[in-house]
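Read off the chains here:
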Amino acid sequence: MMKNLCFVMAALFIWGMSAGLAGHSAEAAIKRVNGSTVQQPSQPRTAEDWFNKGVAYQDQYLYDKAIQAYTKALELDDQVAEIYYNRGTAYADKRSFDEALADLNKAVALNPGFTDAYYNRGVVYDALDSYEQALAEYEKVLSMDSTYADAYYNKAVALENLGRSDEARPFYEGFLQYAPANDQYIIFARERVQLLSQ
């Protein structure tokens, strides 16, 4: 996820390493629909088998193999938003942003209520320094789920990256309201709120 605000450096792209975590660091990366470890089938036969194999590969940071497995799953069933979503996150993990956006777009087309897909499109736009587009994605997420903490945080950072720091404080505050108590970005968000309140 973007959760970056040293304006340039700390751009902690959610795709970092999709280790099945909710996505707060470069190593913990893009949120995925199923964040648990999945048993790898020995000989995949169904789209679900290939999907699970892709998840297992992605959890091991084997992005090329994950993409191949998700592609096999899509050859068997190309109407599952989660497969496009996960393949998109694997592409993002590899920093193949055009492919990531194409798959995240397809996930949204198949499931217009897929908040994580919108969120991660925002993260990809952040990586491309397309902050206006990222901002629109985070706004969409928050319109769908007003408790999506990471969208608040990334929206605040995107606003700051656009030179609109005066608008960022309420979104850091929203993050603080909804973030889990152990979120590593709470300290930073508190510092930003304090600084922006002066």
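Parameters and conventions
- Residues numbered from 1 in each chain as written.
- Predicted model: local features only at pLDDT ≥ 70, side-chain atom pairs only at ≥ 80, totals over all residues.
- Heavy atoms only, no water.
- Salt bridge = Lys/Arg side-chain N within 4 Å of Asp/Glu carboxyl O.
- Helix = DSSP H or I, 4+ residues; strand = E, 2+ residues; numbered from the N terminus.
- Buried < 20%, exposed > 50% of the residue type's maximum accessible area, 1.4 Å probe, protein only.
- pLDDT = per-residue confidence, 0-100.
- Contact = heavy atoms within 4.5 Å.
- Expected span 1.5 Å × (residues − 1).
- Core = buried A, V, L, I, M, F, W, Y, C linked by side-chain atoms within 4.5 Å.
- Phe/Tyr/Trp six-rings, centres within 6.5 Å; stacked < 30°, edge-to-face > 60°.

**Q** Would you mind going over the pattern of salt bridges with me for this structure?
**A** Side chains that differ in sign of charge can pair as their charged atoms come close. A complete count under the given rule lists 8 salt bridges for this structure. Close ionic contact of aspartate 103 with arginine 87 constitutes a salt bridge, the shortest N to O distance being 2.5 Å. With aspartate 103 in helix H4 (residues 97-110) and arginine 87 in helix H3 (residues 81-93), this residue pair connects regions lying 16 residues apart in the sequence. Arginine 87 gets classed as buried once you look at its relative accessible area, which sits at 14%. Note that lysine 155 and glutamate 139 form a salt bridge whose closest N and O atoms lie 3.5 Å from each other. Taken together, the positions of lysine 155 in helix H7 (residues 149-161) and glutamate 139 in helix H6 (residues 131-144) put the pair 16 residues apart, joining distant regions of the chain. Among the residues examined, lysine 155 registers a relative accessible area of 10% and is labelled buried. Linked through salt bridges whose partners overlap, the residues forming this network are Glu132, Arg164 and Glu167.

**Q** Whenever I open this one, the confidence of the model for the protein chain confuses me. Can you help?
**A** Atomic detail in the predicted coordinates should be set aside for any region of low pLDDT. Looking at the protein chain as a whole, its pLDDT mean stands at 83, while 79% of the residues score no less than 70. Counted against residues more than four places away or in other chains, residues 1-38, with its pLDDT under 50, gives 151 contacts.

**Q** Could you clarify how one ought to interpret H7 in this entry?
**A** Within an α-helix, residues lying three or four positions from one another point in the same direction, as the helix has 3.6 residues per turn. With 13 residues, H7 extends 19 Å between its outermost C-alpha atoms, agreeing within 8% with the 18 Å of an ideal straight helix rising 1.5 Å per residue. Among the 13 residues that make up H7, 13 are buried, leaving the element largely enclosed by the rest of the structure. In the segment just after H7, glycine 163 is the residue with positive phi, at about 80°.

**Q** What is the right way to read the nonpolar core from this model?
**A** Considering soluble globular proteins, one finds that nonpolar side chains tend to be buried as a cluster. Core analysis: the biggest nonpolar cluster contains 55 residues, and Tyr70, Ala107, Tyr119, Val124, Tyr153, Tyr172 and Phe175 have the highest contact counts within it. For this core, the leading source of residues is H7, giving 8 residues. Not counting residues up to four positions away in its chain, the partners in contact with alanine 107 are Ala81, Tyr84, Tyr85, Phe114 and Ala117.

**Q** How should I be thinking about the environment of lysine 106 in this particular structure?
**A** Within the secondary structure, lysine 106 sits in helix H4. Overall, the relative accessible area of 32% leaves lysine 106 in the partly exposed class. With 28 residues separating them in the primary sequence, lysine 106 and aspartate 78 have C-alpha atoms 9.8 Å apart.

**Q** How do you make sense of the environment of asparagine 120 when you look at a structure like this?
**A** With respect to the helices and strands, asparagine 120 occurs in helix H5 (residues 115-127). Residue class for asparagine 120 comes out buried when judged on its relative accessible area of 0%.

**Q** So what exactly am I meant to see when it comes to H5 here?
**A** In this model, H5 (13 residues) spans 19 Å end to end at C-alpha, consistent with the 18 Å of a helix rising 1.5 Å per residue. Counting buried residues in H5 gives 13 out of 13 residues, a clear majority hidden from the surface. Just beyond H5, the residue with positive phi is aspartate 129, at close to 60°.

**Q** What exactly am I supposed to notice about the packing of aromatic side chains here?
**A** The geometry of an aromatic ring pair is captured by two quantities: the separation of the ring centres and the angle between the planes. One pass over the structure, following the stated rule, counts 11 aromatic pairs. Ring centres 5.7 Å apart and planes at 20° place the aromatic pair tyrosine 152 and tyrosine 178 in the stacked group. With tyrosine 152 in helix H7 and tyrosine 178 in helix H8 (residues 169-178), this pair connects stretches of sequence that are 26 residues apart. An aromatic cluster of three or more residues is present, and its members are Tyr153, Tyr172, Phe175, Tyr185 and Phe188.

**Q** Where do I start with the environment of alanine 136 in this structure?
**A** The residue alanine 136 is located in helix H6 in this model. Under the relative-accessibility criterion, alanine 136 is labelled partly exposed at 40%. Spatially, the C-alpha atom of alanine 136 lies 9.9 Å from that of arginine 121, the residues being 15 residues apart in sequence.

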